[in-house]
Amino acid sequence: MNPKVDAFIENNTDWQKALTILRDVALACDLNEMFKWKQPCYTLNNSNILIISHLKDCCTLSFFKGALLKDTENILIKPGENSQSVRYLKFYSTKDVIEKTATIKAYIFEAIEVEKAGLKIPTKKEQEPIPEELTQEFIKNPALQNAFNALTPGRQRGYILYFSGAKQPKTRISRIEKYRDRILNGKGFHDCVCGLSKKMPTCDGSHKYL
């Protein structure tokens, strides 16, 4: 048992009992307990299986490869429209956790078998449509298009989703202008640009303390 998880649970009085039950269930499935991203994380052979967290009105248990679970009870939630892998369970009370304990354990064991089998999440092959504003910027700035094309598919998709997420054309243009230099420097949307991140190349927020 990880002492950081002890502190995490002790400091969350509203969900202390529910989090403790979820922790006990995960440990009963012979997973290793770690503390990642400031949350209890449970692994198998150094591979992430699930993570436990809480919000103001609920606590959650998220499966890293939840999309591969059968979800026989139809209770897994997709975090967002573009989430390809993670699926999570949401609990609004300790009673809710207790009543679903057997199901939670069954889902965890299935997630373990998925990991043991080496199953992978199928990557989304079709490219997200490029917003018109970005296309126009490519026409005006070929160097930007070359830099964008040199990015990995995942980094390209991250930018496209962010730019396309704005409803107004002027907002999409503003977002493109803001991240133009980052693209030209070969950086992804979530990549570190200050050089201080301890999770390179991903940004861990270190720039906020400059």
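So, here's what we can say about the structure.

Conventions used here
Residues numbered from 1 in each chain as written. Predicted model: local features only at pLDDT ≥ 70, side-chain atom pairs only at ≥ 80, totals over all residues. Heavy atoms only, no water. Helix = DSSP H or I, 4+ residues; strand = E, 2+ residues; numbered from the N terminus. Expected span 1.5 Å × (residues − 1). Bend = angle between axes of the 7 residues up to and from the residue. Buried < 20%, exposed > 50% of the residue type's maximum accessible area, 1.4 Å probe, protein only. Contact = heavy atoms within 4.5 Å. Axes fitted to C-alpha atoms, helices over the stretch in contact; angles between N-to-C directions. Parallel < 35°, antiparallel > 145°, perpendicular 65-115°, else oblique. Core = buried A, V, L, I, M, F, W, Y, C linked by side-chain atoms within 4.5 Å. Pairing = 2+ DSSP bridges. Phe/Tyr/Trp six-rings, centres within 6.5 Å; stacked < 30°, edge-to-face > 60°. Lys NZ or Arg CZ within 6 Å of the ring centre and 35° of its normal. Salt bridge = Lys/Arg side-chain N within 4 Å of Asp/Glu carboxyl O.

### Notes on helix α8 (residues 169–184)
Part 1 of the reasoning: The end-to-end C-alpha distance of α8, which contains 16 residues, comes to 22 Å, matching closely the 22 Å that a straight helix rising 1.5 Å per residue would cover.
Part 2 of the reasoning: Approximately 40 degrees is the largest bend angle found in α8, and it occurs at K178.
Part 3 of the reasoning: Those residues of α8 that fall on the buried side of the exposure criterion are R172, I176, Y179, R182 and I183.
Part 4 of the reasoning: Where α8 is buried, its residues contact α5 (132–140), α6 (142–150) and α7 (153–164).
Part 5 of the reasoning: The positive-phi residue at the C-terminal boundary of α8 is G186, with phi of around 75 degrees.

### Re the packing of helix α1 (residues 3–10) against helix α2 (residues 16–28)
Part 1 of the reasoning: Between α1 and α2, the shortest axis-to-axis distance is 9 Å and the interhelical angle comes to 150 degrees. With respect to each other, α1 and α2 are oriented roughly antiparallel. Across the interface between the two elements, V5, D6, F8, I9 and E10 from α1 touch Q16, L19, T20 and R23 from α2.

### A look at the nonpolar core
Part 1 of the reasoning: Residues L50, L61, F63, I104 and I108 are the most contacted members of the largest nonpolar core, which totals 31 residues.
Part 2 of the reasoning: Of all elements in the fold, only α1, α2, β2 (39–44), β3 (47–54), β4 (59–63), β5 (87–91) and α4 (101–116) reach the threshold of two or more residues within this core.
Part 3 of the reasoning: Sequence-distant contacts of L50, defined by excluding residues within four places in its chain, comprise A26, L31, P40, C41, Y42, L61, S62, F63, F64 and I108.
Part 4 of the reasoning: With 13 residues, the next largest nonpolar core counts L144, A147, I176 and Y179 among its residues.

### Observations regarding the pairing of β4
If a strand is regular, its side chains alternate between the two faces of the sheet.
Part 1 of the reasoning: With five of its five residues buried, β4 lies for the most part within the structure.
Part 2 of the reasoning: Residues C59, L61 and F63 of β4 are buried on one face, and the alternating residues T60 and S62, pointing to the opposite face, are buried as well.
Part 3 of the reasoning: Judged from the five bridges that link them, β3 and β4 form a sheet pairing that is antiparallel. Bridge pairing links H54 to C59 in β4.

### Points about the packing of aromatic side chains
Part 1 of the reasoning: Applying the stated criterion to the full structure yields ten aromatic pairs.
Part 2 of the reasoning: Aromatic pair Y159 and F189: ring centres 6.1 Å apart, planes at 85 degrees, arrangement edge-to-face. Of this pair, Y159 sits in helix α7 while F189 sits in the segment after α8, and the two are 30 residues apart along the sequence. As far as the burial class goes, Y159 and F189 line up, both buried.
Part 3 of the reasoning: Aromatic side chains Y162 and Y179 sit 5.4 Å apart centroid to centroid with 75 degrees between the ring planes, which places their arrangement in the edge-to-face category. One end of the pair, Y162, is in helix α7; the other, Y179, is in helix α8, with 17 residues separating them in the sequence.
Part 4 of the reasoning: Residue Y179 is classed as buried on the basis of its relative accessible area, which comes to 11%.
Part 5 of the reasoning: Site record: aromatic cluster; members linked through ring pairs are Y159, Y162, F163, Y179 and F189.
Part 6 of the reasoning: The ring of Y162 carries the charged tip of R175 above its face, separated from the ring centre by 4.2 Å.

### Observations regarding the pattern of salt bridges
Part 1 of the reasoning: Throughout the structure, instances matching the rule amount to eight salt bridges.
Part 2 of the reasoning: We note a salt bridge from R23 to E33, for which the minimum N-O separation is 2.7 Å. Here R23, found in helix α2, pairs with E33, found in strand β1 (residues 32–36); they are ten residues apart in sequence, far enough to count as distant.
Part 3 of the reasoning: Through salt bridges with shared partners, one network takes in D6, R23 and E33.

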